[in-house]
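Now for the letters of each chain:
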Amino acid sequence: MTITETTGTTSTGTTSTQEAYAQVVDHANRADPYPYYARLREQPVARLDERTFVVTGHQEILDLIHDPRISSDPRNLAEGHSIGGHTPAAETDAEGEPAEESPSLLNAFVMLDAPKHDRLRSQTMRHFGPPHHAGYVDAMRGDMARIVNDLIDGFGDAREVDLVEALAYPFPVTMICEVLGVPREDEPRFHAWSEDIIATAEATGPEDAAEKRERAGLATAQLTEYLSALADEKTRDPKDDLLSGLVNHDGPGGRMSRVDVLNTAIMLLIGGHETTVNMIANGVLTLLRHPEVLERLEREPEHVARVFEELLRLEPPAQVTPTRVALDDLVLGGVLIPKGSSIWVMWAAANRDPRHFADPDRFDPDREQNDHLGFGGGIHACFGAPLARLEVQIALVEVFRRLENPRLVLDPPPYRRNPFLRGPSHLPIAFDGVRPR
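Predicted model, so just to flag it, every value in this text is computed and none were measured.

For the rest of this paragraph, the subject is the nonpolar core. By size, the foremost hydrophobic cluster in this structure holds 87 residues, and its most contacted members are M144, L167, L269 and L287. With 16 residues, helix α11 (residues 258–289) is the single largest residue contributor to this core. What L287 contacts, discounting residues up to four positions off in sequence, is V293, L294, L297, V307, F363, L396 and F400. Counting residues in hydrophobic clusters, the runner-up holds 17 residues, among them I61, V335, A350 and L373.

Structure follows, in structure tokens:
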């Protein structure tokens, strides 16, 4: 299927689409939103309101994310639209690129289009992966196992823990801080800053939204001030870490500007752990619900790669991306999407599209076809996927290797309110003991 320019039908948002969408984002349904995603998927491309479309089909999303007429820059939204209450500025510089603003998650390269996106991503990747740093992530395998086991040792004599607080949260925070070169003693400060910055999506009403935006702005300013001082230190005394590379390297694309360094660092710090926390918690929860898969994983830990990919298909943390914009009139799945429209990409619905995956609601690590969209796709595919993939695999293997008779205390557990990122806010588990390393 391809996207065409000349034909298609327009439609107003249907009641069934709007009702199904409302059920998807209703916090009361966070434990199992998938029946509502299935209802949305009855129209793989559907109009939600005058200027917003939702895309739920696997093929339709692939077509969308590879179309050059689709922007990831929210500044291209039609006037009056916003994302989580944030109305992006429309200013551009002399080259027609977005003008540099105050550092923010919303100004990071994941929110930009080519060529600036490509340049910033390449400048960052130079210090993180192939071809210049091939083997960088895999070399951290030993550190990851040590950190996970230190956290499990910290359970002490307890026979019940909240896995989110005790392991799923602190482990990826420690890892992304190590990657960036943030001192270990400063890690706790990121918990509050990160929670305030992403909490704008969890607002329960206009007053709550205004309060959360104010707190997010304050947290961003404090995080920026901290990172700016750290960048100064890395400029004077560079180390072997990513932030030192960003502030000091003069590569083919030139030196990254200070604003871009800070935008990138904020994105990596927040994106580098928020989704991974949910991957670990969703993974432990799903495996404890499927003892036959768990027993095999305990016998055959090398099976974890396939288990992980199936977990990411079935229970992806990143459920919805609400930031794509049509730069021109286009037709997707037979539906005309006018220029300037907001497009919401429903990854979680596509991962269970029965037109693409056989028996899509079944947890089957042995499935042959598993080209899921759990890490997104196209030029904006998850930058930190190699790190997250290894972190979660090691966490799952070590948790179930060391805990004796682990079991859920509460099923379903409480979920975070964020409609875009899905995962338990707490995951209490009980066990009979902790095996030695």
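On to the environment of G181. Inspection of the secondary structure assignment puts G181 in the loop between α7 (170–180) and α8 (187–198). With relative accessibility at 16%, the residue G181 sits in the buried group. Each C-alpha atom, one on G181 and one on F308, is 28 Å from the other, the two residues being 127 residues apart in sequence. Those residues within four positions of G181 in sequence are excluded, and the remaining contacts are L230, K234 and D241.

With that settled, the discussion passes to the confidence of the model for the protein chain. Chain-level statistics for the protein chain give a pLDDT mean of 90 and a share of 91% at 70 or above. Within the model, the stretch residues 84–96 combines pLDDT values under 50 with 19 contacts to residues more than four positions away or in other chains.

Okay, the packing of aromatic side chains next. Each aromatic ring pair is characterised by the separation of its centres together with the angle its planes make. For the structure shown, the criterion picks out 11 aromatic pairs. Pairing F190 with W193 gives two aromatic rings, centres 5.6 Å apart and planes at 80°, and the pair type is edge-to-face. In this pair, F190 and W193 are both assigned in helix α8, 3 residues apart and thus about one turn of the helix distant. Across the pair, W193 and F190 agree in class, each one buried. Aromatic ring contacts, followed pair by pair, group F109, F128, Y136 and F383 into a single cluster. Its end group placed over the ring of F357, R313 keeps NZ or CZ at 5.3 Å from the ring centre.

Right, let's talk about the packing of α7 against helix α15 (residues 385–402) for a bit. It is the contact of α7 with α15, at a shortest axis distance of 11 Å, that shows an interaxial angle of 140°. Looking at the two axes, α7 sits oblique to α15. Considering only the axes of α7 and α15, their crossing is right-handed. Together, F171, P172, M175, I176 and V179 of α7 and L387, E391 and A395 of α15 make up the contact between the two elements. Across the contact of α7 with α15, the residue classes tally to 7 nonpolar, no polar and 1 charged.

A word on the state of the cysteines. Counting across every chain of the model gives 0 disulfides. Residue C177 stays outside any disulfide, its sulfur separated by 17 Å from that of C382, the closest cysteine. Looking at C382, the relative accessible area reads 31%, which means it is partly exposed.

Moving on, we get to the packing of α8 against helix α9 (residues 206–236). Here α8 crosses α9 at 140°, and the two axes come no closer than 7 Å. Considering the angle they form, α8 stands oblique to α9. For the crossing formed where α8 meets α9, the hand is left-handed. Residue-level inspection shows R189, F190, W193, D196 and I197 of α8 in contact with α9, the latter providing K212, R215, A216, A219, T220, Q222, L223 and Y226. Classifying every residue of the contact of α8 with α9 gives 7 nonpolar, 2 polar and 4 charged.

Cis geometry marks the peptide bond from A114 to P115; its omega dihedral reads 5°. Here P115 is to be found in the loop between β3 (70–71) and α4 (116–125). Between P130 and P131 the backbone carries a cis peptide bond, its omega angle lying at 0°. By the secondary structure assignment, P131 is in the loop between α4 and α5 (141–153). The phi dihedral of D359 is positive, around 45°, even though this residue is not glycine. Counting through the fold element by element, D359 comes out in the loop between α14 (347–350) and α15. Residue classification places D359 among the partly exposed positions, given a relative accessible area of 44%. Of note, N405 is a non-glycine position whose phi angle comes to about 50°, a positive value.

With that out of the way, let us pick up the side chain of R422. Looking at the secondary structure, you find R422 in the loop between β10 (407–408) and β11 (428–430). A distance of 2.7 Å separates a polar side-chain atom of R422 from the backbone oxygen of R30. For R422, the residues in contact, after removing those within four places along its chain, are R30, A31, D32, P33, Y34, N278, N282, E315, P316, P317, Q319 and Y415.

Within strand β5 (residues 320–326), 7 of the 7 residues are buried, which leaves it mostly tucked inside the rest of the structure. Looking at chain direction, β3 and β5 are connected through 2 bridges and run antiparallel. Paired with S71 across the two strands is V325, which belongs to β5. In this sheet, strand β8 (residues 342–346) lies alongside β5 in antiparallel orientation, the contact comprising 4 bridges. Across the sheet, the residue bridging to T321 is V345, located in β8.

The rules behind each value
Residue positions are given per chain, counting from 1 as you read along its sequence in written order. Given that the model is predicted, a residue must reach a pLDDT of at least 70 before its local features are reported, and side-chain atom pairs must reach 80 or more before they are shown or counted; all residues, however, enter totals for whole chains, interfaces and linings. Computation of side-chain values covers all heavy atoms of the structure but excludes hydrogens and water. The set of buried Ala, Val, Leu, Ile, Met, Phe, Trp, Tyr and Cys residues whose side-chain atoms join them within 4.5 Å is what this entry labels a nonpolar core. Burial classification: accessible surface area is computed with a 1.4 Å probe over protein chains only, and a residue below 20% of its type maximum counts as buried, one above 50% as exposed, and the rest as partly exposed. Runs of H or I in DSSP of at least four residues are treated as helices and runs of E of at least two as strands, each being numbered from the N terminus. What makes two residues a contact is simply this: any of their non-hydrogen atoms within 4.5 Å. Across the chain, each position has a pLDDT score giving the predictor's confidence in that residue, from 0 to 100. Side-chain rings of Phe, Tyr and Trp, where Trp is taken by its six-membered ring, are said to pair if the distance between their centres is within 6.5 Å; with planes under 30 degrees apart they count as stacked, over 60 as edge-to-face, and otherwise as tilted. Criterion for a charge above a ring: Lys NZ or Arg CZ within 6 Å of the ring centre, and within 35 degrees of the ring normal. To define axes, lines are fitted to C-alpha atoms, for helices over the stretch in contact only, and angles between the resulting N-to-C directions are given on a 0 to 180 degree scale. Just so you know how the angles are binned, under 35 degrees is roughly parallel, over 145 roughly antiparallel, 65 to 115 roughly perpendicular, and the rest oblique. Should the near helix be turned counterclockwise from the far one by less than a right angle, the crossing is left-handed, whereas a clockwise turn marks it as right-handed. Gly is placed with the polar residues, together with every amino acid not listed as nonpolar (Ala, Val, Leu, Ile, Met, Phe, Trp, Tyr, Cys and Pro) or charged (Asp, Glu, Lys and Arg). By convention in this document, the label disulfide applies to cysteine sulfur atom pairs within 2.5 Å. Two N or O atoms form a polar contact when they lie within 3.5 Å of each other; inside protein one atom must be a possible hydrogen donor and the other a possible acceptor, and for residues adjacent in sequence the pair counts only when both atoms belong to side chains. Strands qualify as paired when DSSP identifies two bridges or more between them.

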